[in-house]
Structures are given as structure tokens and as C-alpha cells.
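The residues making up each chain are set out below.
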Amino acid sequence: MTTTPELDPPTRLLLGPGPSPVHPRVTRALSAPALGHLDPALLAMLDETRGLLRAVFGTANELTLAVSGTGMAGMESVLGAALEPGDRILVCSAGFFGDRLAELAARLGAEVTKVEKEWGDVFEPEDVEAAAEASRPKVIAIVHAETSTGALQPLEGLGDVARRRDSLLLVDCVTSLGGSAVDLDARGIDLAYAGSQKCLGAPPGLAPVTAGPRARAAIAARRRPSPSWYADLELLEQYWGGARAYHHTISSPLVYALREGLRLALEEGLEARYARHRANAEALWQGLEAMGLQLHVADPARRVPSLTTVRVPDGVDEAALRVRLRDGYGIEIGAGLGPLKGRVWRIGLMGHGSSTSNVVLLRAALGEVLGRQ
Ligand SMILES: *Cc1c(COP(=O)(O)O)cnc(C)c1O
């Protein structure tokens, strides 16, 4: 009998836009025996996980859980809960994921107003308020860490804008959660979603989501249920928090992994974790600039610490360099998207991947491949 070879994936250092390196403790958690989705031991872990998620999100929101699926499942779930056909949404987009929010909202039948900025820019609260005044949206949606551009959207003031305009503030925290402060409640964010595989150090497969009291009131006032049964936040809440009714068979190993990733984040301390992401990013930025490379986001205060966009120098084959990094050094970095395709590389220092040694290694490898030391 012939068989396919035993599993032996190549060793990669994941320094792209995600997934990020999985912490060894998370890998160990993943290999623990699976449990049934209604086993009291698993249900207790779900309780713990939502408590840990509340701490990392910075929220007291009762409805805080993890949707089965990747970050996009979180986006679908939260948008689907907030919007009914005909509802108005204002999407602030300065990148690929802002555009996706607008596309998804349109698929849900919402009336979408998109305000745009150059890829790499961020919005001022005044921009958002002016657009909201004109379009009177039910929801204002924005991306915190735009992974396509490396720009970090300041969130201060947006919650006040949303309250003044009687809108819900929805924030994509996929690349920020666990790497930069999201402080949901302090910033008046009503709805948010994230992913397990960026700054939380877990594999892809669960999407943390949360909805505050204003959002829940809006969800309760819907005329019809969410169009997605699988991603219906209210049904998921009945499984995670309510009657414990069977909804779907959640992957227990992924719950173990996310729980361990969150435990690691809180053990380190959120402030210390953000400072680590920041310090390693600054070391990377200095190293890249010392090599004569230019960063796409000029203002360091506006850069995402977990995701750096660096311009491809003239005359360098963007794709060939990534292949050489991968095949020669085992390092994965990302390519540009949309208008930045071919123009930037995207380097992630996320979660467990944000370390001094990874910065040194990447700098050295890039220097060799580019012939710049
Ligand atoms: C990665 C990412 C997503 C999508 O997450 P997936 O896990 O790929 O589904 C959404 N928004 C942002 C900002 C991201 O970085």
C-alpha cells in the first residue's frame, strides 16, 4: 500500500501580515484531548475565555465571545448583527480592510456611504463627524490597525462623535487586539471584532467579538434576524452565555489555544505587551531606515507597531525578494495589496513574533538579500 508522507511542514518564521508565530504554550494547549461542545469542562473554559477577552478588549460587555472562523467571520457576524437591509452605514476607509467593510455592508443590503483617504492616512474625528452629519448613519465603521497600509487609526474622540450622531461605533481590531491598546469602553466603541492569529499568538480559527449595551439595544430592535444563522450573535450568545443550547460544534482545541494566548497576554501584562510591540517595531524601523529603506507611513506615531509597510526600492523585484527570504531563510513577509501591490512589503511583528531576535534576524536577512548592510 502506498501512503502519502508523514506530515512535515517546513519551518517558517511568520513575519508577514498574519498568521503570526504561535507561542509554544499555545501549541501545547492545541494538542490536548478534544472535548464535546457541551461538556461542563469546556463550558467552564468558554466562561474563562470570555472573561479574558473582556480584559484584553477593555470592556465590561456581557456579549463578548469568539465566533468560529477567522477575522472575516467576526466582521460578518458583527456587521450582520448591526445592519438590516436599508440601514445606513458610514465606512471610513483608507485601505483594503476598510474597503471590505464597505463591500460586506453592501452585500447585507445596507446603504453604504464610504469616506476615503489615501492608503496610509488616517481620519480625524472632524472628518468622521462631518461625514456622519451628512449621511446620518446607524453605524460608523472604521479599522483600528489597517493591515494593508500599516497606519494606526487614533480612536480618541470617535465614540463621542458616534454618540452625538446617535450612531453605533464599530471598530475592526483584528491586527491591534493584543498588540496595541483598544480600550473599548474608555473609547466608547459599541461593536468590535478581532482574530486569534495576529497579536494574540494563537492559530487562525476563532474571531473574538463584542457588543456593548447600545449595540445590543439596536440588535434587540431588529425587525428580522441576522441573515447569517451561523454567525448570528444572539444565537451564539445563547450558547456561550445563556441556555448553553447547542448551536454548532465549537472546536475545543481552538478554544484551548485562544484561552492560552489570552492568558499569556494577561500574564505579561497588557501595558508591558504593548510596550514590547512598540519597542520591537521601533528597532525594526530604525534598522530598515539605516539600510536606506523608506517606510510607507511617515509619522511614527501613526504607524501600527505590529505591522510595518516598507517601500520596495526602485529596481528591486518585490516578489523575488520574498521568495529568497522564504526559501533561503525560512522567513515569510507579505506583499502589498490594492494600490500598494508591488510597492511595499508588509512586515508583521505580532504577538509571540514580536521579539528582539526576530528583528535582528529579519534585518540581517533583508540586508543580505538586498546587498545592503
Ligand atoms: C487579517 C485582517 C482581517 C481578516 O481576518 P482573516 O483572519 O484573514 O479572516 C480583517 N481586518 C484586518 C484589519 C485584518 O488585518
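This one's a predicted model, so the numbers in the text were calculated from it and none came from an experiment.

For the protein, the count of helices and strands is 12 helices and 14 strands. On the principal axes, the C-alpha backbone points of the protein span a range of 60 × 60 × 45 Å. Looking at the protein residue by residue over its 373 residues, the buried ones come to 55%. A separation of at least 24 residues holds for 71% of the contacts in the protein among residues at least 6 apart in sequence. Of the side chains in the protein, 39 bear a positive and 44 a negative charge, and the two mean positions are spaced by 1 Å.

To continue, consider the packing of helix H11 (residues 318-329) against helix H12 (residues 356-370). Relative to each other, H11 and H12 sit at 120 degrees, their axes nearing to 10 Å. The orientation of H11 with respect to H12, classified from their angle, is oblique. The interaxial crossing formed by H11 with H12 has right-handed handedness. Two secondary-structure elements touch here, H11 through Leu 321, Arg 324, Leu 325 and Tyr 329 and H12 through Leu 362, Ala 365, Leu 366, Glu 368, Val 369 and Leu 370.

The environment of the ligand is formed by Thr 70, Gly 71, Met 72, Phe 97, Val 143, Ala 145, Thr 147, Asp 172, Val 174, Thr 175, Gln 197 and Lys 198. Measuring from an oxygen atom of the ligand, one finds a side-chain N or O atom of Thr 70 at 2.6 Å. In this structure, Asp 172 approaches the ligand through a side-chain N or O atom, which is 2.7 Å from a nitrogen atom. When the ligand sits alone it has 380 Å² of accessible area, and the protein chains cover 89% of it.

Rules of the game
Residues numbered from 1 in each chain as written. Predicted model: local features only at pLDDT ≥ 70, side-chain atom pairs only at ≥ 80, totals over all residues. Heavy atoms only, no water. Helix = DSSP H or I, 4+ residues; strand = E, 2+ residues; numbered from the N terminus. Buried < 20%, exposed > 50% of the residue type's maximum accessible area, 1.4 Å probe, protein only. Contact = heavy atoms within 4.5 Å. Lys, Arg positive; Asp, Glu negative; His and termini not counted. Charge placed at Lys NZ, Arg CZ, Asp CG, Glu CD. Axes fitted to C-alpha atoms, helices over the stretch in contact; angles between N-to-C directions. Parallel < 35°, antiparallel > 145°, perpendicular 65-115°, else oblique. Left-handed = near helix turned anticlockwise from the far one by under 90°. Near = heavy atom within 4 Å. Polar contact = N/O pair within 3.5 Å; in protein donor to acceptor, adjacent residues only side chain to side chain. Areas by Shrake-Rupley, 256 points an atom, 1.4 Å probe, with all protein chains shown as cover.

Just geometry here; none of it tells us what the structure is for.
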